[in-house]
2 protein chains.
Amino acid sequence: MRILVTGAAGMIGRKLTARLLKERAIAGRAITSIDLHDVVPFDAPDAGDIAIATHASDLSVPGSAASLIEGRPDIVFHLAGIVSGQAEAEFDLGYSVNLDGTRSLFEAVRSAGHAPRVVYTSSIAVYGGPFPDVIPDDFHTSPLSSYGAQKVMGEALLQDYTRRGFMDGVGLRLPGITVRPGKPNKAASGFFSNIIREPLSGLPAVLPVPRSVVCTHASPRAAVGFLIHAAAIDGAAVGPHRNLALPGAAVTVGEQIEALARVAGNDVVKLIREEHDDTIWAMVQNWPTRFEARRARALDFKAEESFDEIIRAYIEDDLNQ
Amino acid sequence: MRILVTGAAGMIGRKLTARLLKERAIAGRAITSIDLHDVVPFDAPDAGDIAIATHASDLSVPGSAASLIEGRPDIVFHLAGIVSGQAEAEFDLGYSVNLDGTRSLFEAVRSAGHAPRVVYTSSIAVYGGPFPDVIPDDFHTSPLSSYGAQKVMGEALLQDYTRRGFMDGVGLRLPGITVRPGKPNKAASGFFSNIIREPLSGLPAVLPVPRSVVCTHASPRAAVGFLIHAAAIDGAAVGPHRNLALPGAAVTVGEQIEALARVAGNDVVKLIREEHDDTIWAMVQNWPTRFEARRARALDFKAEESFDEIIRAYIEDDLNQ
Ligand SMILES: NC(=O)c1ccc[n+]([C@@H]2O[C@H](COP(=O)([O-])OP(=O)(O)OC[C@H]3O[C@@H](n4cnc5c(N)ncnc54)[C@H](O)[C@@H]3O)[C@@H](O)[C@H]2O)c1
Ligand SMILES: NC(=O)c1ccc[n+]([C@@H]2O[C@H](COP(=O)([O-])OP(=O)(O)OC[C@H]3O[C@@H](n4cnc5c(N)ncnc54)[C@H](O)[C@@H]3O)[C@@H](O)[C@H]2O)c1
C-alpha cells in the first residue's frame, strides 16, 4: 500500500507519519511506501523497509501536485493548508493554498485515473453562527472566515470528484485539536491549547475569553485515529455525503481548567492568567460548540470522551517524549 | 446608477434587461447605464437615454472580468453560467465558467475597490437529498451534482468577499424557474416547463417522471423580481449569511397539470404524454421539494402563491408577446 501525505511537516502530518511507521499497515494491508510532502523542507524519519521519501514544493504551483501523484498512491492524506488566523490575515495566500492547492491535487488525482482514497482535513470552521445547542449533521455550512470558506470549497470539490468517480474521498471536519504541542501556530484558537500546554511546562499562559466558552476538542492522537480510520472505511457506508462532522469532548474552558487541576494539580492552574482580548472574543462567539456527529459515530470514528483523557494523551505523547 | 449584467443573453438576463428598461430605476434611483455581457454576441435592445452597451467575451478567460468592471457598476447581476445538465456532461467547462468565471468576476470587483452590490444566481441544486418534508434555511448544502458543487463554491466566495468588504453580495438560490419560454435548454428539469409551454402552443410534451414529484417553482417574472429586490435590499438586514433560499409555489407535477387544465382546458392537457425516463427519474429523486424560506420571506422576497398564477404569467409575458 502506497501512501502520500501532504502537509507532512505540520503538526498532524508528523504525528500521522509516526503512527503509520509504528503500525506499518492500514486495515491489515502492509504499507510499502510513504511519500511525505510539504512546502518547507524537512527530514524523513527512519522507516526500515518502508520506502520513504520527502518532497518539498508548493502545492499551489502548477505541476507540483501532478508529480506527487506520479507514484499512484493508494491513499492520499491531504493535510497541507494555511491555518485560520493566517488565511484571515493573508487573503490571497489562503485561497491559493487551501483552494487552488486542493483543487490541483484533486485534478492530479483525476488525471492519474486510479481513483485512490483521499482523506481531507476540513474543519468545524465550515460552520457559521448562530448555532443550535447541538449542531446536527445536516446543519448548514455557512462560514464566517476565509479559512472556513476555503474548507467549504474543498469539501464541495471532494464530494463532486468522488461522485464522478475521479477519487474516493472522505472529508473530516476536525474539531479543535487540543493539546497542540510545540509552539503556538497562527490559529486564533491557540489559547485552548496554550492554557494546558504552557502551565504543564511551568510556563504562564493567557486566557483571553470567558470560562463559559464551549468547544469540542479531540487530541492529536484522536485526530490521527480519525485519519487512519477514514483511510480504510468503506466508501459505500459513507454514502454520497462525503464530509463528516466528528465526535469529540465538548467542554467549557472552565471544565478544561478543572481537568487540568485534576490531572496536574492546583499550582499548575495558577499559571493561567485571565486577560480579555476583544478580537479573539469576537471570533470565538462565531465558533461552533457541540456536535451531534451521529453519522461519524455510526461509522465508528472515535475520540476522547473527557478532557482529562485529552490532557493525559498530551502528557504521554508529547510532554514525556 | 450603473448596472452590469453577465449572462445577459440568457433567458433570465433578457427578461431582467427588459424590466430594467421598463422601470428605468431601482428603488427610486435612476438607471444611467446598462452593460450587457455574454459569451454569445447579441444585440442591445433600444434603451432611450440610458447608455446601453453589449460585451461579448468568455468570463472565464483572464482579463475579461476586469474589463467589465472598469465602468465601476453600482450593481452587478451575475447570471452567466453553464446550466445543470451541461455542467454534468462537460465537467471542465462547468468548473471553468461557474467557478473560475465567478471567481474572476469577484476578483475584478475586489480590485476595483468600490464594493458594489453583487446579485448572484445560485440554485436549489446546492441541496442534496435526503430531505426533510420542508427544508429549513439552515439545512446543509451538500450537493449531488457538479452544477450544485459549483454554485456552493460561488456562494462561499460571495459570502467571504462580502464579509471582507470587497463587495456587497446577495446570493439567491433560485427555485425552478417555470415556465421557461423558448426552446428547451440543457437542464434536466426541462420537463417542468415543457409540459406547460408545449401544450399551450398546441404541441405534444413528454412527462418523464411520476405525477407525485414535487418541486418549488417561480415564474421568470418572479425571478426578475427577486433579482431587483436583491439589488436594493439593505445588506445589514440580510446579515452575514448572504445566500438565501427563496419562496415559490411548491406543487406536484399532478397539480401543475390540474392548474393547466383550469387555465387552458382539458384538451390542452391531453397533449402531455407520460413516458418514464429512468435517468431523469434518478436525478429528480435527489432534488429538493419544499422550502421554508423564512429569511427570504421576512426580507420581503415575493413569488407566486399558486401554479395557476405561474401559468398566467407565462401566457401574459411570453405566449401572447
Ligand atoms: N490543528 C487543528 O486544530 C485543525 C483543525 C481543523 C482542521 N485542521 C486542518 O488539518 C490540516 C493539518 O493541520 P495541522 O494542525 O497539522 O497544521 P500545520 O500548520 O501544522 O500543518 C500544515 C502544513 O501544511 C504545509 N503547507 C502550507 N502551505 C503549503 C503549500 N503551499 N504546499 C505544501 N504544504 C503546505 C505547512 O508547511 C504545514 O507543515 C490543515 O489542513 C488544517 O487546516 C487542523
Ligand atoms: N432557469 C432556472 O431555472 C435557474 C434556476 C436556478 C439558477 N439559475 C441560474 O440563473 C442564471 C441564469 O439562468 P438562465 O435560465 O437565464 O440560464 P441561460 O442558460 O439562459 O443563461 C445563461 C447565460 O450565460 C451565458 N454564458 C455561458 N457561459 C458564459 C461565459 N463563459 N461567459 C459569459 N457568459 C456565459 C450563456 O451564453 C447564457 O446566455 C444561471 O447562472 C443559472 O445557473 C437558473
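Analysis parameters
Once a new chain begins, its residue numbering starts again from 1 and follows that chain's sequence as written. Whichever chain is written first becomes A and whichever ligand is written first becomes 1, with later ones labelled in order. Thresholds applied to this predicted model are a pLDDT of at least 70 for local features of residues and 80 or more for the giving and counting of side-chain atom pairs; totals over whole chains, interfaces and linings are not thresholded and use all residues. Just so you know, side-chain values use all the structure's heavy atoms and leave hydrogens and water out. Every helix listed is a DSSP run of H or I at least four residues long, and every strand listed is a run of E at least two residues long, numbered separately from the N terminus. It is over C-alpha atoms that the radius of gyration is taken, and the globule rule equals 2.2 Å times the number of residues to the power 0.38. For the exposure calls, accessible area comes from a 1.4 Å probe over protein chains only, and a residue counts as buried if that area is under 20% of its type's maximum, exposed if over 50%, partly exposed in between. For this analysis, residues touch if any pair of their heavy atoms sits within 4.5 Å. Method for areas: the Shrake-Rupley scheme with a 1.4 Å probe, in which residue coverage is limited to the protein chains shown. Once two parts are joined, some of their accessible surface, as seen by a 1.4 Å probe, is lost; buried area is that loss totalled over both. Note on definitions: salt bridges are taken to be side-chain nitrogens of Lys or Arg within 4 Å of carboxyl oxygens of Asp or Glu. Identification of polar contacts relies on pairs of N or O atoms within 3.5 Å, with a donor-acceptor requirement for protein atoms, meaning one able to donate a hydrogen and the other able to accept it, and with residues adjacent in sequence counted only if both atoms are side-chain atoms. At least two bridges found by DSSP between two strands are what make those strands a pair. Orientation is described by lines fitted to C-alpha atoms, with helices fitted over the stretch in contact, and by angles between N-to-C directions that extend from 0 to 180 degrees. To qualify as a nonpolar core, a set must consist of buried Ala, Val, Leu, Ile, Met, Phe, Trp, Tyr and Cys residues joined through side-chain atoms within 4.5 Å. Throughout, near means a residue has at least one heavy atom within 4 Å of the molecule or strand. Note on aromatic pairs: the rings of Phe, Tyr and Trp (six-membered ring only in Trp) are paired at centre separations within 6.5 Å, and the planes decide the class, stacked below 30 degrees, edge-to-face beyond 60, tilted for the rest. Under this grouping Gly is polar, as are all residues other than the nonpolar Ala, Val, Leu, Ile, Met, Phe, Trp, Tyr, Cys and Pro and the charged Asp, Glu, Lys and Arg. Least squares is the method for superposing the copies, and the C-alpha atoms it fits come from residues with pLDDT of at least 70 in both. Here the angle decides the label: under 35 degrees means roughly parallel, over 145 means roughly antiparallel, 65 to 115 means roughly perpendicular, and every other value means oblique.

A.B. asks: Any details on the overall build of chain A? Residues and values, ideally.
C.D. replies: On a plain count of helices and strands, chain A comes out with 13 helices and 16 strands. For chain A, the C-alpha radius of gyration of 19 Å lies close to 20 Å, the compact-globule estimate for 321 residues. Seen through its C-alpha atoms, chain A measures out along the principal axes to roughly 55 × 45 × 40 Å. Here chain A, with 321 residues, has 57% of them falling under the buried criterion. A sequence separation of at least 24 residues applies to 77% of the contacts in chain A between residues at least 6 apart. For chain A, the accessible area works out to roughly 12,500 Å², and carbon and sulfur atoms hold 50% of it.

A.B. asks: Explain the interface of chain A and chain B to me, using residue names and the numbers behind them.
C.D. replies: Taken residue by residue, the interface counts 36 residues in chain A and 36 residues in chain B. Buried surface at the junction of chain A and chain B, summed over both partners, amounts to about 2,900 Å²; 51% is from carbon and sulfur atoms. Run the count over chain A and chain B and you get 8 salt bridges. Residues A:E88 and B:R164 are paired through a salt bridge, measuring 3.2 Å at the closest nitrogen-oxygen approach. Between the two partners, chain A and chain B, sit 28 residue pairs in polar contact (both at pLDDT 80 or more). Looking at the side of chain A that touches chain B, the elements that each hand over two or more residues are helix 3 (84-89), helix 4 (91-112) and helix 5 (146-163) of chain A.

A.B. asks: I'd like a description of the sheet that holds strand 1 (residues 2-6) of chain B, backed by residues and values.
C.D. replies: Hydrogen bonds between backbone groups are what pair the strands of a sheet, and the pairing can be parallel or antiparallel. Residue and element names in this part refer to chain B. Within the open sheet, the 7 strands sit side by side as 5-4-1-6-7-9-13. Their pairing is parallel. Looking along the sheet, the strands with just one partner apiece sit at the ends: strand 5 (51-56) and strand 13 (243-245). Neighbouring strand axes in the sheet, compared pairwise and without regard to direction, differ in orientation by 15° on average. In this sheet, strand 5 lies alongside strand 4 (residues 33-38) in parallel orientation, the contact comprising 6 bridges. Bridge assignment links S33 to a residue of strand 5, and that residue is A51. The strands touched by helix 1 (residues 11-23) within the sheet are strand 1, strand 4, strand 5, strand 6 (75-78) and strand 9 (168-174), with strand 4 carrying the most contacts at an inclination of about 170°.

A.B. asks: Which residues make up the nonpolar core, and what values go with them?
C.D. replies: Ranked by internal contacts, the top residues of the largest apolar core, which has 66 residues, are A:F106, A:Y127, A:M153, B:F106, B:Y127 and B:M153. Of all the elements in the fold, those that place two or more residues in this core are helix 2 (64-69), helix 4, strand 7 (117-123) and helix 5 of chain A together with helix 2 (64-69), helix 4 (91-112), strand 7 (117-123) and helix 5 (146-163) of chain B. When sequence neighbours within four positions are dropped, the list of residues in contact with A:M153 reads A:Y95, A:L99, B:L99, B:M153, B:A156 and B:L157.

A.B. asks: Would you mind going over the side chain of A:R103 in detail, with residue names and values included?
C.D. replies: Structurally, A:R103 is set in helix 4. Classification of A:R103 by relative accessible area gives buried; the value is 16%. Once residues within four sequence positions are removed from consideration, A:R103 is found in contact with A:L157, B:Y95, B:L99 and B:D100.

A.B. asks: Let's hear about the site of ligand 2: which residues, and what values?
C.D. replies: Residue and element names in this part refer to chain B. The immediate surroundings of ligand 2 are formed by 26 residues, with I12, D38, D58, Y147 and R180 found nearest. Taking G10, its main chain carries an N or O atom lying 3.1 Å from an oxygen atom of ligand 2. Here M11 contributes a backbone N or O atom positioned 2.9 Å from an oxygen atom of ligand 2. When ligand 2 sits alone it has 820 Å² of accessible area, and the protein chains cover 88% of it. Among the elements of the structure, helix 1, strand 4, strand 7 and helix 5 are those that each provide at least two residues to the shell around ligand 2. Sorting elements by how many residues they give to the shell around ligand 2 places strand 7 first, with 3 residues.

A.B. asks: Tell me what's going on with the sheet that holds strand 12 (residues 214-218) of chain B, and back it up with residues and numbers.
C.D. replies: Residue and element names in this part refer to chain B. The strand order across the open sheet formed by 3 strands is 10-12-14, and the pairing between neighbours is mixed. Edge positions in the sheet fall to strand 10 (176-177) and strand 14 (249-252), since each of these pairs with one other strand and no more. Sheet topology places strand 12 next to strand 14; 4 bridges connect them, and they run antiparallel. Looking at the pairing, V214 lines up with T252 of strand 14.

A.B. asks: Before we move on, could you go through the packing of aromatic side chains and cite the residues and values that matter?
C.D. replies: All names here are of chain B. Under the counting rule described, the total for this entry stands at 26 aromatic pairs over all chains. Ring centres 5.6 Å apart and planes at 75° place the aromatic pair Y161 and F166 in the edge-to-face group. Note on Y161: relative accessible area 1%, which makes it buried. Judged by its relative accessible area of 18%, F166 falls in the buried class.

A.B. asks: With reference to specific residues and values, describe helix 13 (residues 307-319) of chain B.
C.D. replies: Residue and element names in this part refer to chain B. Regarding helix 13, the residues found buried are F307, D308, I310, I311, A313, Y314, I315 and D318. Against helix 1, helix 6 (191-200), strand 12, helix 7 (220-232), strand 14 and helix 9 (253-264) lie the buried residues of helix 13. At the N-terminal end of helix 13, a side-chain oxygen is found 3.4 Å from the backbone nitrogen of D308, two or three residues along, and the residue is S306.

A.B. asks: Account for the site of ligand 1, naming residues and giving values.
C.D. replies: All names here are of chain A. Among the 26 residues in the neighbourhood of ligand 1, the closest are listed as I12, D38, D58, Y147 and R180. Note that a nitrogen atom of ligand 1 is positioned 3.3 Å from one of the backbone N or O atoms of V39. One nitrogen or oxygen atom from the main chain of L59 is found 3.0 Å from a nitrogen atom belonging to ligand 1. Looking at the shell around ligand 1, the elements that each hand over two or more residues are helix 1 (11-23), strand 4 (33-38), strand 7 and helix 5. Per-element accounting of the shell around ligand 1 gives the leading share, 3 residues, to strand 7. Of the residues in the shell around ligand 1, the class split is 14 nonpolar, 8 polar and 4 charged.

A.B. asks: Tell me about the relation of the copies chain A and chain B, and please be specific about residues and values.
C.D. replies: Each copy superposes on the other: chain A lies on chain B with an RMSD of 0.0 Å after a rotation of 180° and an axial shift of 0.0 Å. Expressed as a symmetry operation, the mapping of one chain copy onto the other fits a two-fold axis. Using C-alpha coordinates, one finds that chain A approaches the rotation axis most closely at A:H140, a distance of 1.8 Å. Here 100% of the interface residues in chain A have copies in chain B that are interface residues too; the copies meet face to matching face.

A.B. asks: Lay out the packing of helix 4 of chain A against helix 4 of chain B in plain terms, naming residues and giving numbers.
C.D. replies: For the pair helix 4 of chain A and helix 4 of chain B, the least separation of the axes is 15 Å and the interaxial angle reads 170°. Here helix 4 of chain B runs roughly antiparallel to helix 4 of chain A, going by the angle between their axes. On the side of helix 4 of chain A, the interface is formed by A:F91, A:D92, A:Y95, A:L99, A:D100, A:R103, A:E107 and A:R110, while helix 4 of chain B contributes B:F91, B:D92, B:Y95, B:L99, B:D100, B:R103, B:E107 and B:R110. Among the residues making up the contact of helix 4 of chain A with helix 4 of chain B, the classes are represented as 6 nonpolar, no polar and 10 charged.

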